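# Secondary and tertiary structure notes
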Amino acid sequence: MDSAFNSTFPYRIGGGSLGVTDPTYIERFADWEIYKKLINREYCYVLNSRQMGKSSLRVRTMYKLEQAGMSCAYIDLSGIGEKNTTPERWYRDLIEALARGFQLKLNRRTWWKENNDLSLKWRFRKFVEDAILENIAQNIVIFIDEIDSVLRFDFSADDFFSSIRSFYNNRAIHPAYRRLTFTLLGVAKPHDLIQDKRLPPFNIGCAIELQGFQLNECGVLARGFVGKADCPRQVLKEVLKWTGGQPFLTQKLCWIVATFSPYIATGREEQIVRQLARSHIIDNWEAQDDPTHLKPIRDRVLNDPQQTKVLLQLYRKVLRRGEVAARDRPEEIDLQLSGLTIAQNRKIKVYNRIYKSVFNEQWICQQLDNFPTHSPQISLFRMGVISIAVAILVMGMRLLGLLQLLELAAFDKQMQLRPTELPDERLLIVTITKDDIQKLRDRYPISDELMVRLLKKLNESKPSAIGIDIYRDPTNRETRTNLFRFLQRNPHNFSICVYPSGTKSGIEPPSHLLEHQIGFINAVRDSSNVIRRHLLAAKSRDSSICPADYSLSSLLAIHYLETQGYPLKFPSQNLDRWQFGTASFELLKPHKGFYQNARKLAGHQILLNYRATSSFEEIAQQVSITEVLRDRVNPNLIRNRIVLLGVTDSLWAKDEFNTPYSREIRGLILQAHFTSQLIAFVEDGRPLFHFFPLGIDFLLVMLGSGIGGILILRLPGTPLKVMVSCTCPILLSAISYVFLVNTGLCLPLIPSALAFTLTAVVVSALLIHEKN
């Protein structure tokens, strides 16, 4: 394009840096910002797309800094060495440019030979220290322009940028380096400057962002429309609507309007600027792109075959939506460095109307059609539909109870892997065995006289509560009166009954006891008779057999916690939450977590968090009835504790239960675990097991499904896909275990892993089908 024009205003469209006194130079916020930073000796970098005015900014800033008494030098890296130059030649030219820039009186060839024993990077560092810092007393600023040119060399420039980083770090040690400041300019990303990941990244300096021209900044450009328009400022406003303030395009379109437009009457500004933008820039743009501006943008988007498709797809999304959220992804930065897009307020949008018109949907489709297809693809939309469908399928299977056995088995395995816990010192277990009965010359069931003696002896040491887990023979009426009276006078002593269940008849409690002194000891069982749940309270259909509303363990915990200042409350009208003081927990509900059958969750149930001691019996300290009656037990072991009294001899009482640990547990010890988990939750903050609501579980399952599809879709190579597909369920298990141990939260491990696997299989099958 001929640079001659009719307008008397000297618009600059030929490229190159603008001089200090050039009337077309537009001062922006970046001018003030970079000057302020450099005066304060802060490292800076200006990394923007081309033709944004970086070089002109450097010229103006150097001039102002020198006027302020600073010494400045400028290096254009694009003019140092060729693409196939050697590192030694490049460093020598670099030092030559610095010596000339600072006008150093130094025989550079002699200096280079004298330091031939040093590596290239150390020669550069020594030159900066010995030749520059020693000979220049003022504060120093070195401008390095076109830094992206070194990224195309056959050798790595990591040492060069690492050296600049070391100069910055030396400020803390050597005061002289505080006078030295670098400013980098070019079209690059900061993390690309040092490409060796073993080296520290180039993470120093302040980013100076060059924004486009704003109307309040570039009013001087309207001078070219004086005599050509009724309202020159309105014409400039219409120009900026098309260019977005992009410096080169703004000057060019201003020149076109000033040169080729007819007289612009009021109200015709929009029409005429639109016509000229289309006729002189957009239409047949490749032929009219002189001086070149649009072609370099195109080339930067298309020059890397590995990135082209990603950039085009991202650009198409931005073009269609108008703007997308910025996530600082590499492809977003690459697209901004091309000049096509700009980031503002954490949003990415197309820079201006001209780019939208030139690089439109048709242009994108043409480029994508020419792009070779290396592998079959599934759209993200299809993958999302697959993920949701698989998540619905898996959650449907869970709601039908089809996954319960697998989930319980996974839960058991995690229980077995938990770290060991200390015994609960708030409990004491008093055992009765066949040897004890023989030593005390009594019988089984033990006589009422012996029971009264035992209870009196225990109560002398003032326990918090006593739970009597012993069946009394209802046909034995001998001397029962003394026992009943003693129990009634001591309301912190609790006895047991058993609800009828199936073909088993219930067991009555001792007669004449108050109802609040009676607790049931029924346990709810899963498959294989495993005890995983704790029945806190229930209401028997036949209250004549067992009138208790609360379990023995609940009564013991409630009584103990009330004495400690934690009364029981029910904050919910539906009684679906228990609260002790400020600590509360939710009861198990159907269709939540492992359990889907409402009948199995009758009453008030929670999951049982066994205390993970070395063995079940180590839940609390144990003493025998003989030791108690013969005063061989320290009273401090009884005082203020919950005492559980029961038979542990399997020859007399067959009450073993299966556990998630693949070991059996005695009924008395099970009651101790029941009781311990309630008081430890309130007093110690030891978590109870619980589940997320159904909706959150579904989202987690859908997330697992989506991850499975995305990994198969994005990962290259079958071996890597297989390895990651095998690793992810293990990682998911580890995450689930951490949550279980630390918070008591039972994540949907099996549904999520199943959804991950199913989606990965479905997506893999579709990719194979499309490939064939």
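In what follows, the structure referred to is the one given above.
Let me sum up the structure you'll find in this document. (Residues numbered from 1 in each chain as written. Predicted model: local features only at pLDDT ≥ 70, side-chain atom pairs only at ≥ 80, totals over all residues. Heavy atoms only, no water.)

So, about the state of the cysteines. Tallied over the full model, the rule gives one disulfide. Residue Cys497 pairs covalently with Cys546 via a disulfide, S to S 1.9 Å. Here the disulfide of Cys497 and Cys546 is right-handed, its torsion about the S-S bond being about 50 degrees. Of this pair, Cys497 sits in strand E11 (residues 493-497) while Cys546 sits in the loop between strand E13 (533-537) and helix H22 (552-563), placing them 49 residues apart in sequence. In this structure Cys497 comes out as buried when scored by relative accessible area, which is 0%. The class for Cys546 is buried, based on a relative accessible area of 1%. Residue Cys72 stays outside any disulfide, its sulfur separated by 12 Å from that of Cys44, the closest cysteine. Taking the relative accessible area as the measure of exposure, Cys72 reaches 5% and is therefore buried. Cys726 supplies the cysteine sulfur nearest to Cys728, a cysteine that is in no disulfide, at a spacing of 9.6 Å. (Disulfide = S-S within 2.5 Å. Helix = DSSP H or I, 4+ residues; strand = E, 2+ residues; numbered from the N terminus. Buried < 20%, exposed > 50% of the residue type's maximum accessible area, 1.4 Å probe, protein only.)

Once that is clear, we can look at the pairing of strand E15 (residues 577-580). Two strands pair when backbone bridges link them, and strand E14 (residues 568-569) and E15 are joined in this way by two bridges, in the antiparallel orientation. When the sheet's bridge partners are listed, Lys569 is paired in E15 with Gln579. (Pairing = 2+ DSSP bridges.)

The next subject is the side chain of Ser624. Inspection of the secondary structure assignment puts Ser624 in strand E18 (residues 621-624). What Ser624 contacts, discounting residues up to four positions off in sequence, is Val430, Thr431 and Asp436. (Contact = heavy atoms within 4.5 Å.)

Bringing the side chain of Thr85 into the picture now. Tracing the backbone through its elements, the reader meets Thr85 in the loop between strand E2 (71-76) and helix H3 (87-101). If we skip the residues at most four places from it in the chain, Thr85 touches Trp90, Phe153 and Phe155.

As a further point, take the sheet that holds strand E12 (residues 518-520). Taken in spatial order, the six strands make up an open sheet running E12-E11-E10-E19-E9-E18, and their pairing is parallel. Single-partner strands in this sheet number two, and they are E12 and E18. When strand polarity is set aside, the average angle formed by the axes of neighbouring strands in this sheet is 25 degrees. (Axes fitted to C-alpha atoms, helices over the stretch in contact; angles between N-to-C directions.)

Overall, the coordinates contain 31 salt bridges when judged by the stated rule. Put simply, Arg532 and Asp412 hold a salt bridge, and the shortest N to O gap is 2.6 Å. In this pair, Arg532 is assigned in the loop between E12 and E13 and Asp412 in helix H18 (residues 404-416), connecting sequence segments 120 residues apart. A relative accessible area of 6% places Arg532 in the buried class. A salt bridge links Arg532 to Asp526; the shortest N-O distance between them is 3.1 Å. Asp526 carries the same exposure label as Arg532, and that label is buried. (Salt bridge = Lys/Arg side-chain N within 4 Å of Asp/Glu carboxyl O.)

What follows deals with a positive patch on the surface. Together, Arg274, Arg278, Lys349, Arg353 and Lys356 make up a positively charged patch on the protein surface. Following the sequence through the fold, Lys349 ends up in strand E8 (residues 347-350). Of the residues examined, Lys349 reaches a relative accessible area of 31% and is grouped as partly exposed. (Patch = residues over 30% accessible without salt bridge, like charges linked within 9 Å, V, L, I, M, F, W, Y side chains within 5 Å. Areas by Shrake-Rupley, 256 points an atom, 1.4 Å probe, with all protein chains shown as cover. Lys, Arg positive; Asp, Glu negative; His and termini not counted. Charge placed at Lys NZ, Arg CZ, Asp CG, Glu CD.)

What holds strands together in a sheet is hydrogen bonding between their backbones, with the strands either parallel or antiparallel. The strand order across the open sheet built from three strands is E14-E15-E16, with neighbouring strands paired in antiparallel fashion. Single-partner strands in this sheet number two, and they are E14 and strand E16 (583-586). With respect to the sheet, helix H24 (residues 667-684) is in contact with E15 and E16, its orientation differing from that of E16 by roughly 135 degrees.

Next up on the list: a nonpolar patch on the surface. Judged by side-chain polarity, Leu731, Ile735 and Phe739 come together as a nonpolar surface patch covering roughly 260 Å² of accessible area. Among the structural elements, Ile735 can be located in helix H26 (residues 718-743).

Looking now at the nonpolar core. Of all hydrophobic cores here, the largest spans 74 residues; its most connected members are Leu221, Phe225, Leu253, Val257, Tyr355 and Phe359. The dominant element in this core, judged by the number of residues it contributes, is helix H9 (residues 247-260), at seven residues. Sequence-distant contacts of Val257, that is, excluding residues within four places in its chain, are made with Phe225, Lys228, Val235, Val239, Ile264, Val273 and Leu276. Of all hydrophobic cores here, the second largest spans 57 residues; its members include Leu408, Ile669, Leu688 and Phe689. (Core = buried A, V, L, I, M, F, W, Y, C linked by side-chain atoms within 4.5 Å.)

So far we have only geometry, and geometry alone does not tell us how the molecule works.
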